[in-house]
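Notes for the structure review
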Amino acid sequence: MTSCLFGVGCLALLGCVVGVPEPAQAACRVERRAEVPIHFAAHRALVDVAVDGHTATFLLDTGADRTVFSAAAVRDMGLSRDPWVSTSIRGVGGVTERTANVMLQSFTQGGVALRRRSVAPTLSFAVARLDLGQPGGAPVAGLLGADYLSVFDLDLDLPAGKLILDSTDGCAGAPIPWNVAVPLGRPTPTALLAPVRTGGSTLQAQLDTGASLSLIGIKGAARLGITPDLLARDAPGSARGIGRLTLALRNHIVPSLRLGSVEFRDVPLAFRTPAGGLPFDMLLGADLLGQQRVFISYATDRLLIAVPP
(Lines give C-alpha, C1' and ligand atoms only; values in the text may rest on other atoms or scores of the structure.)
Protein backbone atom coordinates (compact mmCIF):
# COMPACT_ATOMS: atom_id res chain seq x y z
CA MET A 1 0.00 0.00 0.00
CA THR A 2 1.34 3.42 -0.97
CA SER A 3 -0.07 6.41 0.87
CA CYS A 4 0.39 10.17 0.72
CA LEU A 5 2.03 11.87 3.66
CA PHE A 6 2.55 15.60 3.25
CA GLY A 7 2.16 17.74 6.34
CA VAL A 8 5.17 17.25 8.59
CA GLY A 9 5.79 20.37 10.72
CA CYS A 10 5.34 19.00 8.34
CA LEU A 11 -10.39 7.02 14.93
CA ALA A 12 -12.07 4.25 13.70
CA LEU A 13 -15.41 5.66 14.86
CA LEU A 14 -18.92 6.25 13.65
CA GLY A 15 -19.68 9.96 13.80
CA CYS A 16 -22.98 11.73 14.14
CA VAL A 17 -23.97 15.10 12.77
CA VAL A 18 -24.59 17.80 15.33
CA GLY A 19 -25.52 21.41 14.83
CA VAL A 20 -22.99 24.06 13.94
CA PRO A 21 -21.40 25.25 17.21
CA GLU A 22 -23.52 28.03 18.67
CA PRO A 23 -22.26 30.63 21.13
CA ALA A 24 -22.08 29.09 24.59
CA GLN A 25 -22.45 32.46 26.28
CA ALA A 26 -22.97 36.06 25.24
CA ALA A 27 -19.27 36.81 24.81
CA CYS A 28 -18.54 33.64 22.82
CA ARG A 29 -19.24 34.02 19.09
CA VAL A 30 -18.81 31.44 16.34
CA GLU A 31 -19.50 33.02 12.95
CA ARG A 32 -19.69 31.02 9.74
CA ARG A 33 -17.55 32.61 7.03
CA ALA A 34 -17.85 30.04 4.25
CA GLU A 35 -18.98 26.50 3.52
CA VAL A 36 -17.24 24.53 0.77
CA PRO A 37 -17.56 20.94 -0.46
CA ILE A 38 -14.77 18.42 0.13
CA HIS A 39 -13.98 15.45 -2.05
CA PHE A 40 -12.75 12.78 0.37
CA ALA A 41 -11.33 9.63 -1.20
CA ALA A 42 -8.41 7.33 -0.38
CA HIS A 43 -8.06 9.27 2.91
CA ARG A 44 -7.33 12.52 1.06
CA ALA A 45 -9.39 15.67 1.66
CA LEU A 46 -9.48 17.81 -1.49
CA VAL A 47 -10.99 21.30 -1.74
CA ASP A 48 -11.31 23.85 -4.53
CA VAL A 49 -9.61 27.25 -4.26
CA ALA A 50 -9.90 30.18 -6.68
CA VAL A 51 -6.40 31.15 -7.87
CA ASP A 52 -6.16 34.27 -10.07
CA GLY A 53 -9.37 33.35 -11.89
CA HIS A 54 -8.61 29.62 -12.08
CA THR A 55 -10.35 26.94 -10.04
CA ALA A 56 -7.65 24.73 -8.55
CA THR A 57 -7.89 21.64 -6.35
CA PHE A 58 -5.78 21.59 -3.17
CA LEU A 59 -5.10 19.01 -0.49
CA LEU A 60 -6.40 20.28 2.85
CA ASP A 61 -3.27 19.98 5.00
CA THR A 62 -3.30 21.17 8.62
CA GLY A 63 0.07 19.48 9.12
CA ALA A 64 1.87 21.65 6.55
CA ASP A 65 3.41 24.79 8.02
CA ARG A 66 2.91 26.62 4.75
CA THR A 67 0.83 26.50 1.60
CA VAL A 68 2.70 25.02 -1.36
CA PHE A 69 1.99 25.00 -5.10
CA SER A 70 3.10 22.19 -7.37
CA ALA A 71 5.50 23.23 -10.11
CA ALA A 72 3.20 21.60 -12.69
CA ALA A 73 0.19 23.67 -11.55
CA VAL A 74 2.17 26.91 -11.73
CA ARG A 75 3.16 26.06 -15.29
CA ASP A 76 -0.28 24.88 -16.41
CA MET A 77 -2.09 27.94 -15.00
CA GLY A 78 0.51 30.35 -16.39
CA LEU A 79 1.19 31.91 -12.99
CA SER A 80 4.00 34.41 -12.43
CA ARG A 81 7.09 33.62 -10.39
CA ASP A 82 8.33 35.93 -7.62
CA PRO A 83 11.57 37.56 -8.83
CA TRP A 84 12.71 38.31 -5.26
CA VAL A 85 11.72 35.32 -3.11
CA SER A 86 12.59 31.63 -3.32
CA THR A 87 12.03 28.81 -0.83
CA SER A 88 13.44 25.40 0.08
CA ILE A 89 11.01 22.97 1.69
CA ARG A 90 11.59 19.89 3.80
CA GLY A 91 9.06 17.08 3.65
CA VAL A 92 8.86 13.34 4.20
CA GLY A 93 10.78 12.75 0.97
CA GLY A 94 13.76 14.90 1.93
CA VAL A 95 14.80 18.42 0.96
CA THR A 96 13.62 19.72 -2.40
CA GLU A 97 15.64 22.05 -4.56
CA ARG A 98 15.27 25.77 -3.91
CA THR A 99 12.80 27.35 -6.35
CA ALA A 100 11.33 30.79 -6.95
CA ASN A 101 7.97 31.43 -5.30
CA VAL A 102 4.76 32.00 -7.24
CA MET A 103 3.04 35.41 -7.02
CA LEU A 104 -0.76 35.72 -7.00
CA GLN A 105 -3.24 38.56 -7.27
CA SER A 106 -6.11 36.67 -5.59
CA PHE A 107 -6.51 33.53 -3.48
CA THR A 108 -10.05 32.78 -2.24
CA GLN A 109 -12.18 29.90 -0.98
CA GLY A 110 -15.96 29.95 -0.87
CA GLY A 111 -15.87 33.65 -1.75
CA VAL A 112 -13.64 34.46 1.26
CA ALA A 113 -10.20 35.95 0.64
CA LEU A 114 -7.50 33.77 2.18
CA ARG A 115 -4.86 35.73 4.08
CA ARG A 116 -2.27 34.53 6.54
CA ARG A 117 -1.44 36.37 9.77
CA SER A 118 1.57 38.38 8.65
CA VAL A 119 2.84 41.93 8.48
CA ALA A 120 3.47 41.24 4.79
CA PRO A 121 0.13 40.36 3.12
CA THR A 122 1.80 39.64 -0.25
CA LEU A 123 0.48 36.44 -1.86
CA SER A 124 3.83 34.75 -2.45
CA PHE A 125 3.85 30.93 -2.18
CA ALA A 126 6.50 28.22 -2.16
CA VAL A 127 6.70 25.90 -5.16
CA ALA A 128 7.83 22.26 -5.06
CA ARG A 129 7.65 19.02 -6.98
CA LEU A 130 4.61 17.27 -5.52
CA ASP A 131 3.37 13.80 -6.31
CA LEU A 132 -0.29 14.76 -6.07
CA GLY A 133 -1.83 12.92 -8.99
CA GLN A 134 -5.57 12.27 -8.88
CA PRO A 135 -6.44 9.41 -11.23
CA GLY A 136 -9.70 10.10 -13.03
CA GLY A 137 -9.98 13.65 -11.71
CA ALA A 138 -8.48 17.12 -11.94
CA PRO A 139 -4.79 17.34 -11.01
CA VAL A 140 -4.07 18.53 -7.47
CA ALA A 141 -2.46 21.98 -7.55
CA GLY A 142 -0.83 21.96 -4.11
CA LEU A 143 -1.20 21.89 -0.35
CA LEU A 144 -3.50 24.33 1.47
CA GLY A 145 -1.49 24.63 4.67
CA ALA A 146 -1.93 25.83 8.24
CA ASP A 147 -0.46 29.28 7.50
CA TYR A 148 -3.79 30.12 5.82
CA LEU A 149 -6.11 27.61 7.52
CA SER A 150 -5.19 28.69 11.07
CA VAL A 151 -6.81 32.09 10.53
CA PHE A 152 -10.13 30.20 10.85
CA ASP A 153 -11.62 27.47 13.00
CA LEU A 154 -12.35 24.41 10.86
CA ASP A 155 -15.68 22.58 11.11
CA LEU A 156 -14.52 19.51 9.21
CA ASP A 157 -17.18 16.97 8.30
CA LEU A 158 -15.43 14.58 5.94
CA PRO A 159 -18.15 11.89 6.08
CA ALA A 160 -20.65 14.49 4.82
CA GLY A 161 -18.14 16.03 2.41
CA LYS A 162 -18.08 19.60 3.66
CA LEU A 163 -15.79 22.13 5.32
CA ILE A 164 -17.04 25.21 7.17
CA LEU A 165 -14.64 28.09 7.84
CA ASP A 166 -15.58 29.81 11.11
CA SER A 167 -14.42 32.91 12.94
CA THR A 168 -14.44 32.25 16.68
CA ASP A 169 -14.17 35.12 19.15
CA GLY A 170 -14.26 35.29 22.95
CA CYS A 171 -14.54 31.50 23.38
CA ALA A 172 -11.14 30.66 24.87
CA GLY A 173 -12.58 29.93 28.32
CA ALA A 174 -16.12 29.06 27.26
CA PRO A 175 -17.60 25.63 26.55
CA ILE A 176 -18.62 24.99 22.95
CA PRO A 177 -21.46 22.43 22.86
CA TRP A 178 -19.92 19.42 21.16
CA ASN A 179 -19.73 15.87 22.52
CA VAL A 180 -16.03 15.55 23.33
CA ALA A 181 -13.53 18.39 23.85
CA VAL A 182 -9.80 17.64 23.77
CA PRO A 183 -7.34 20.38 24.84
CA LEU A 184 -4.56 20.93 22.33
CA GLY A 185 -0.98 22.06 22.71
CA ARG A 186 0.53 24.58 20.30
CA PRO A 187 4.34 24.45 20.15
CA THR A 188 4.38 26.67 17.05
CA PRO A 189 1.83 29.17 15.67
CA THR A 190 0.45 26.60 13.21
CA ALA A 191 0.99 23.18 14.84
CA LEU A 192 -1.73 21.68 17.06
CA LEU A 193 -0.90 18.67 19.26
CA ALA A 194 -3.46 16.31 20.75
CA PRO A 195 -2.66 13.96 23.66
CA VAL A 196 -3.24 10.40 22.45
CA ARG A 197 -3.19 7.56 24.98
CA THR A 198 -2.12 4.10 23.80
CA GLY A 199 -0.07 1.25 25.17
CA GLY A 200 0.02 2.82 28.64
CA SER A 201 1.74 5.97 27.32
CA THR A 202 0.60 9.41 26.18
CA LEU A 203 1.85 10.51 22.77
CA GLN A 204 1.76 14.06 21.40
CA ALA A 205 0.05 13.79 18.02
CA GLN A 206 0.00 16.57 15.43
CA LEU A 207 -3.37 17.05 13.72
CA ASP A 208 -2.45 16.40 10.09
CA THR A 209 -5.30 16.23 7.58
CA GLY A 210 -2.72 16.11 4.78
CA ALA A 211 -1.42 12.71 5.88
CA SER A 212 -3.52 9.90 4.43
CA LEU A 213 -2.34 7.58 7.20
CA SER A 214 -1.57 8.11 10.88
CA LEU A 215 2.10 7.62 11.65
CA ILE A 216 4.23 7.09 14.76
CA GLY A 217 7.89 8.11 14.61
CA ILE A 218 10.91 6.64 16.35
CA LYS A 219 10.37 8.62 19.57
CA GLY A 220 6.74 7.55 19.79
CA ALA A 221 7.61 3.93 19.07
CA ALA A 222 10.22 3.98 21.84
CA ARG A 223 7.62 5.32 24.30
CA LEU A 224 5.39 2.38 23.41
CA GLY A 225 8.18 -0.20 23.62
CA ILE A 226 7.70 -1.12 19.95
CA THR A 227 11.14 -2.20 18.69
CA PRO A 228 12.43 -2.58 15.10
CA ASP A 229 12.47 -6.36 15.61
CA LEU A 230 8.79 -6.29 16.53
CA LEU A 231 7.92 -4.09 13.54
CA ALA A 232 9.83 -6.42 11.21
CA ARG A 233 7.01 -8.94 11.68
CA ASP A 234 4.39 -6.45 10.39
CA ALA A 235 3.28 -5.82 6.84
CA PRO A 236 5.38 -3.31 4.86
CA GLY A 237 3.96 -0.18 3.25
CA SER A 238 5.17 3.09 1.74
CA ALA A 239 4.29 6.78 1.57
CA ARG A 240 5.06 9.70 -0.71
CA GLY A 241 5.13 13.41 0.02
CA ILE A 242 7.23 16.48 -0.68
CA GLY A 243 10.60 15.45 -2.05
CA ARG A 244 11.85 12.70 -4.31
CA LEU A 245 12.05 9.81 -1.86
CA THR A 246 9.52 7.12 -1.01
CA LEU A 247 9.25 6.42 2.71
CA ALA A 248 9.26 2.74 3.69
CA LEU A 249 6.78 1.98 6.49
CA ARG A 250 5.64 -0.84 8.71
CA ASN A 251 1.92 -1.15 9.42
CA HIS A 252 1.20 -2.16 13.01
CA ILE A 253 -2.15 -2.53 14.80
CA VAL A 254 -2.48 -1.10 18.30
CA PRO A 255 -5.33 -2.66 20.33
CA SER A 256 -6.53 0.56 21.95
CA LEU A 257 -6.16 4.30 21.39
CA ARG A 258 -7.81 7.05 23.46
CA LEU A 259 -8.39 10.65 22.43
CA GLY A 260 -9.96 12.46 25.35
CA SER A 261 -12.81 10.29 26.59
CA VAL A 262 -13.17 8.49 23.25
CA GLU A 263 -11.63 5.04 22.87
CA PHE A 264 -10.78 3.40 19.54
CA ARG A 265 -10.10 -0.32 19.12
CA ASP A 266 -7.70 -2.20 16.83
CA VAL A 267 -6.28 0.90 15.15
CA PRO A 268 -3.85 0.36 12.23
CA LEU A 269 -0.90 2.75 12.41
CA ALA A 270 2.22 3.26 10.30
CA PHE A 271 5.64 3.36 11.95
CA ARG A 272 8.73 5.15 10.61
CA THR A 273 10.37 8.56 10.96
CA PRO A 274 10.31 10.65 7.74
CA ALA A 275 13.44 12.17 6.23
CA GLY A 276 14.54 15.07 8.41
CA GLY A 277 12.80 13.63 11.47
CA LEU A 278 9.35 13.94 12.99
CA PRO A 279 9.17 16.81 15.51
CA PHE A 280 6.42 15.12 17.54
CA ASP A 281 5.58 11.57 18.60
CA MET A 282 2.84 10.99 16.07
CA LEU A 283 0.80 12.31 13.15
CA LEU A 284 -2.97 11.96 13.50
CA GLY A 285 -3.97 11.69 9.85
CA ALA A 286 -7.06 11.84 7.68
CA ASP A 287 -7.54 8.07 7.90
CA LEU A 288 -8.68 8.59 11.51
CA LEU A 289 -9.85 12.22 11.56
CA GLY A 290 -11.91 11.57 8.45
CA GLN A 291 -14.23 9.05 10.07
CA GLN A 292 -16.19 11.57 12.13
CA ARG A 293 -17.07 15.24 12.24
CA VAL A 294 -14.52 17.34 14.13
CA PHE A 295 -14.10 21.03 14.98
CA ILE A 296 -10.45 22.09 14.92
CA SER A 297 -10.32 25.33 16.89
CA TYR A 298 -7.15 27.38 16.48
CA ALA A 299 -8.86 30.19 18.41
CA THR A 300 -9.34 28.10 21.57
CA ASP A 301 -6.70 25.35 21.12
CA ARG A 302 -9.30 22.60 21.27
CA LEU A 303 -10.36 19.63 19.19
CA LEU A 304 -14.11 18.98 19.39
CA ILE A 305 -15.45 15.59 18.28
CA ALA A 306 -19.00 14.62 17.33
CA VAL A 307 -19.68 11.04 18.48
CA PRO A 308 -22.85 8.94 18.89
CA PRO A 309 -24.87 9.57 22.07
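Source: prediction; values computed, not measured.

**Section: the overall build of the protein chain**
When you go through the protein chain residue by residue, the secondary structure sums to 5 helices and 26 strands. Per-residue burial over the protein chain gives 54% buried out of 309 residues.

**Some thoughts on the packing of aromatic side chains**
Tallied over the full model, the rule gives 7 aromatic pairs. Judged by centre distance (6.0 Å) and plane angle (75 degrees), the ring pair of Phe58 and Phe107 falls under edge-to-face. Pair noted here: Phe58 is in strand S5 (residues 54–60) and Phe107 is in strand S11 (residues 107–109), with a separation of 49 residues, a long-range link. The class for Phe58 is buried, based on a relative accessible area of 0%.

**Details of the pairing of S5**
The element S5 is extensively covered by neighbouring structure, given that 5 of its 7 residues are classed as buried. Alignment of strand S4 (residues 44–51) against S5, held across 6 bridges, turns out to be antiparallel. Residue Val47 lies in a different strand from S5, and its bridge partner there is Phe58. Hairpin connection of S4 to S5: 2 residues between the antiparallel strands, including Asp52 at a positive phi of 50 degrees. Relative to strand S14 (residues 140–144), S5 runs parallel, the two sharing 4 bridges. Looking at the pairing, Thr57 lines up with Val140 of S14.

**Details of the sheet that holds strand S15 (residues 153–157)**
Hydrogen bonds between backbone groups are what pair the strands of a sheet, and the pairing can be parallel or antiparallel. Overall, antiparallel pairing links the 6 strands, which are arranged S2-S16-S15-S25-S26-S17 in an open sheet. Each edge of the open sheet carries a strand with a single partner, namely strand S2 (29–37) and strand S17 (180–183). Averaged over all neighbouring strand pairs, the angle between strand axes comes to 20 degrees, with direction disregarded. In terms of strand pairing, S17 meets strand S26 (residues 302–305) through 4 bridges, oriented antiparallel. The partner of Ala181 across the bridge, within S26, is Leu304.

About the criteria used
Residues numbered from 1 in each chain as written. Predicted model: local features only at pLDDT ≥ 70, side-chain atom pairs only at ≥ 80, totals over all residues. Heavy atoms only, no water. Helix = DSSP H or I, 4+ residues; strand = E, 2+ residues; numbered from the N terminus. Buried < 20%, exposed > 50% of the residue type's maximum accessible area, 1.4 Å probe, protein only. Phe/Tyr/Trp six-rings, centres within 6.5 Å; stacked < 30°, edge-to-face > 60°. Pairing = 2+ DSSP bridges. Axes fitted to C-alpha atoms, helices over the stretch in contact; angles between N-to-C directions.

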